Amino acid sequence: MALRALLTRKTLASAPRLGGAAAAASFRGLQTSSLPDLPYDYGALQPAISGEIMQLHHQKHHQAYVTNYNKALEQLHDAMGKGDAPAVVKLQSAIKFNGGGHVNHSIFWKNLAPIQEGGGEPPKGSLGWAIDDHFQSLDALVQKMNAEGAALQGSGWVWLGVDKELKKLVVETTSNQDPLVTKGPSLIPLIGIDVWEHAYYLQYKNVRPDYLKNIWKVINWKYASEVYEKECP
Amino acid sequence: MGSFSLHASCLAQPKLPWSNDCSQNLNSLKLPALQQRGPNFGSRKASKVLAFYGLKSPPYELDALEPYMSKRLMETHWGEHHHGYVEGLNKQLEKNDILYGYTLDELVKVTYNNGNPLPEFNNAAQVWNHDFFWESMQPGGGGMPELGLLQQIEKDFGSFTNFKEKFIEAALSLFGSGWVWLVLKRREKRLEVVKTSNAVNPIVWDDIPLISLDTWEHAYYQDYKNDRGKYVNAFMNHLVSWHVATVRIIRAEAFVNLGEPKIPVA
């Protein structure tokens, strides 16, 4: 679903930066990914998240995931072409990590919005009611996600997702860059909060709970509601 | 001590005419703390032990590793993260009788629980890991090991350059948070480069680490931002302490037989 929007076919004309390799790859039918633009300025989420963090997070970290994902895909394409099964299997962890990083961060940028554009505004409509149903209140959901995010050891994500089979809301955590779907094949992510240290360190240092408390001021519930209404009409 | 003497003086003073209750006297002394009578009030039991492990200082000043590891980063990494793990561990141990009395090494292995770690493992192991990490570095570090350690590295990796490449490659390919180690494997009796995730370390498998590198983002973000490669190179070229590694392998040879002693033939 959202994945389709992320994969773009690179042509020679529109890929000045990636150069020959990507262009050649597209001729063989390999679709490469690219770094999506942010729908707001780097500084637009201050003071909840600093402009310096947003710039590094987007231009360095997310870009690195995209670059390495594309590289791994190319190597996979080659290995598949040669029928090199051990190489294919060996590449799986790099694809899961870098591809997951790309998928997760693409969702994350849409999960955030400047306050002027509705960031932090509580959800209305069917998602708001579903939250009250499942968690008693938005506050309770926020407390639960903050607790699970703070308790996560190492690097990972904390998610609000919807089980599209059971039509239920769930709070889950995943480690490293595992996408939410690794916790359940019918789970669709609504809100993901990055609790890797790079997501907050320059501003909050080791005080992850403060980051989690403040990020809700810029969470884009409009996007989450759209996704929810699509899965649970 | 103070509470005993006031109690005694309470008995000595004449009771207030409208009350048979001694505490009225104490109240009039306006000492709010005395009104809270904790479970040990009046008893001669020793107060509950609340701290089990302490925060060990690095064997150098916090600014000694500049410019490769800034004082500001050390203050946060040691003063907040490492300190936090110690406090967290002590708080967990407050509630747990079974884990009293272990040395830190023993506690790490016990709480690892053969791969099914107990909740105390993360804190215990991270305290151990950071103690070990500070000691694996020194001001004016880097360079190359000498003598026996160099020979062992050349034996197990082909050359020191080869080992260095392997170590750097491991640090760069570690996904997420974790540590990179140069380890003496006890059963295989050889040196290896090992990557571990989050808080895991080689002593849980009974191996003997010689040096470690923290690849959690908090270990380098303030100085190097996302550039883990620059951080790893600064570590290998300017921070790693081969002196400590040598001391550690000397000690390890008391437990692991690394080869026949060279007895000259008469």
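Residues numbered from 1 in each chain as written. Chains lettered and ligands numbered in written order. Predicted model: local features only at pLDDT ≥ 70, side-chain atom pairs only at ≥ 80, totals over all residues. Heavy atoms only, no water.

Colleague: Sorry, what's going on with the overall build of chain B here?
Modeller: Within chain B one finds ten helices and three strands. Each helix (α) and strand (β) of chain B, taken in turn from the N terminus, gives the series α-α-α-α-α-α-α-β-β-β-α-α-α. Classification of the 266 residues of chain B by burial places 45% in the buried group. Counting only contacts in chain B whose residues sit at least 6 apart along the sequence, the fraction spanning at least 24 positions is 66%. Accessible surface computed for chain B: about 14,500 Å², of which carbon and sulfur atoms make up 54%. (Helix = DSSP H or I, 4+ residues; strand = E, 2+ residues; numbered from the N terminus. Buried < 20%, exposed > 50% of the residue type's maximum accessible area, 1.4 Å probe, protein only. Contact = heavy atoms within 4.5 Å. Areas by Shrake-Rupley, 256 points an atom, 1.4 Å probe, with all protein chains shown as cover.)

Colleague: Looking at this structure, how should I read the overall build of chain A?
Modeller: Looking only at helices and strands, one finds ten helices and three strands in chain A. Walking chain A from its N terminus toward its C terminus, one meets helices and strands in the order α-α-α-α-α-α-α-β-β-β-α-α-α. For chain A, the proportion of its 233 residues judged to be buried stands at 52%. A separation threshold of at least 6 residues defines the contact pool for chain A, and within that pool the share at least 24 residues apart is 68%. For chain A, the accessible surface area stands at approximately 11,100 Å², while carbon and sulfur atoms represent 55% of it.

Colleague: Would you mind showing me how to read the interface of chain B and chain A here?
Modeller: How big an interface is tends to be stated in terms of accessible area lost as the parts join. Taken residue by residue, the interface counts 15 residues in chain B and 18 residues in chain A. Of all residues in chain B, B:Phe175, B:Glu217 and B:Tyr221 give up the largest surface area on contact with chain A, accounting jointly for 37% of the area buried on that side. Linking chain B with chain A are one salt bridge, by the criterion used here. With a closest N to O distance of 3.8 Å, A:Glu52 and B:Lys225 form a salt bridge. Linking chain B with chain A are seven residue pairs in polar contact (both at pLDDT 80 or more), by the criterion used here. Those elements that place two or more of their residues in the side of chain B that touches chain A are helix H3 (71-94) and helix H8 (221-224) of chain B. Here the side of chain B that touches chain A takes three residues from H3(B), the largest share from any one element. Across the side of chain B that touches chain A, the residue classes break down as three nonpolar, nine polar and three charged. (Buried area = accessible area lost by both parts, 1.4 Å probe. Salt bridge = Lys/Arg side-chain N within 4 Å of Asp/Glu carboxyl O. Polar contact = N/O pair within 3.5 Å; in protein donor to acceptor, adjacent residues only side chain to side chain. Nonpolar A, V, L, I, M, F, W, Y, C, P; charged D, E, K, R; others polar.)

Colleague: Where do I start with the environment of B:Val240 in this structure?
Modeller: Residue and element names in this part refer to chain B. On the secondary structure map, Val240 appears in the loop between helix H9 (228-239) and helix H10 (242-252). The spatial distance from the C-alpha of Val240 to the C-alpha of Ser136 is 6.0 Å, given a sequence separation of 104 residues. Among residues more than four places away in sequence, those in contact with Val240 are Ser136, Gly141, Gly142, Ile211 and Phe235.

Colleague: Looking at this model, I keep getting lost on the pattern of salt bridges. Mind explaining?
Modeller: Side-chain pairs of opposite charge can arise where the charged atoms are in close proximity. Evaluated as defined, the whole model comprises 13 salt bridges over all chains. The shortest N-O distance in the salt bridge between A:Asp178 and A:Lys96 comes to 3.7 Å. Remark: A:Lys96 occurs in helix H5 (residues 92-111) and A:Asp178 occurs in the loop between strand E2 (168-175) and strand E3 (187-194); sequence separation between them is 82 residues. Classification of A:Lys96 by relative accessible area gives partly exposed; the value is 43%. Here B:Asp207 makes a salt bridge to B:Lys185, at a shortest N to O gap of 3.2 Å. Taken as a pair, B:Asp207 in the loop between strand E2 (190-197) and strand E3 (208-214) and B:Lys185 in strand E1 (residues 178-185) lie far apart in primary sequence, 22 residues in all. B:Lys185 shares its class with B:Asp207; the two are buried. Connected through salt bridges with shared partners, the residues B:Lys56, B:Glu135 and B:Arg248 form a single ionic network.

Colleague: Mind showing me how you'd approach the packing of aromatic side chains here?
Modeller: To describe a pair of aromatic rings, you give the distance between the ring centres and the angle between the ring planes. Counted under the stated rule, the structure contains 25 aromatic pairs over all chains. Ring geometry for A:Phe97 and B:Phe175: centres 4.0 Å apart, planes at 15°, overall stacked. Taken together, the positions of A:Phe97 in helix H5 and B:Phe175 in the loop between helix H7 (160-173) and E1 put the pair across two chains. Taking the relative accessible area as the measure of exposure, B:Phe175 reaches 28% and is therefore partly exposed. A cation sits over an aromatic face here: B:Arg248 above B:Phe132, 3.6 Å from the ring centre. (Phe/Tyr/Trp six-rings, centres within 6.5 Å; stacked < 30°, edge-to-face > 60°. Lys NZ or Arg CZ within 6 Å of the ring centre and 35° of its normal.)

Colleague: Looking at this model, I keep getting lost on the pairing of E3(A). Mind explaining?
Modeller: Within a regular strand, side chains alternate between the sheet's two faces. Residue and element names in this part refer to chain A. For E3, the buried fraction is high: eight of the eight residues fall into the buried class. Where strand E1 (residues 156-163) and E3 come together, seven bridges link them in antiparallel fashion. Its bridge partner being in E3, Val162 is matched across the sheet by Ile188. (Pairing = 2+ DSSP bridges.)

Colleague: Looking at this structure, how should I read the sheet that holds E1(A)?
Modeller: Residue and element names in this part refer to chain A. Overall, antiparallel pairing links the three strands, which are arranged E2-E1-E3 in an open sheet. Looking at which strands have only one partner, the edges of the open sheet turn out to be E2 and E3. Recorded for the sheet is a direction-independent mean angle of 25° between the axes of neighbouring strands. Sheet analysis places E1 next to E2, joined by eight bridges and oriented antiparallel. (Axes fitted to C-alpha atoms, helices over the stretch in contact; angles between N-to-C directions.)

Colleague: Hey, could you run me through the sheet that holds E3(B) in this one?
Modeller: Strands belonging to one sheet form pairs held by backbone hydrogen bonds; the direction of such a pair is parallel or antiparallel. All names here are of chain B. Pairing is antiparallel across the open sheet formed by three strands, whose spatial order is E2-E1-E3. Edge strands, defined here as strands with exactly one partner in the open sheet, are E2 and E3. Direction aside, neighbouring strands of the sheet carry axes that sit 20° apart on average. The strands touched by helix H5 (residues 120-135) within the sheet are E1 and E3, with E3 carrying the most contacts at an inclination of about 90°. In this fold helix H6 (residues 147-157) packs onto E1, E2 and E3, with an angle of close to 80° to the strand it touches most, E2.

Colleague: Looking at this model, I keep getting lost on the environment of B:Glu135. Mind explaining?
Modeller: Residue and element names in this part refer to chain B. Following the sequence through the fold, Glu135 ends up in helix H5. The sequence separation of Glu135 and Val240 amounts to 105 residues, and the corresponding C-alpha distance is 9.2 Å. Aside from chain neighbours lying at most four places away, what touches Glu135 is Lys56, Pro59, Ser241, Val244 and Arg248. A polar contact is formed between the side chain of Glu135 and the side chain of Lys56, at a distance of 3.2 Å.

Colleague: Help me out: how do you make sense of unusual backbone geometry in this one?
Modeller: For residues that are not glycine, phi is negative in most cases, and the peptide bond is trans in most cases. Here A:Gln46 and A:Pro47 are connected by a cis peptide whose omega angle stands at -5°. Residue B:Glu66 is joined to B:Pro67 through a cis peptide bond whose omega torsion reads -5°. Examined against the element boundaries, B:Pro67 turns out to sit in the loop between helix H2 (23-28) and H3. One non-glycine residue, B:Asn114, lies in the positive phi region at around 55°.

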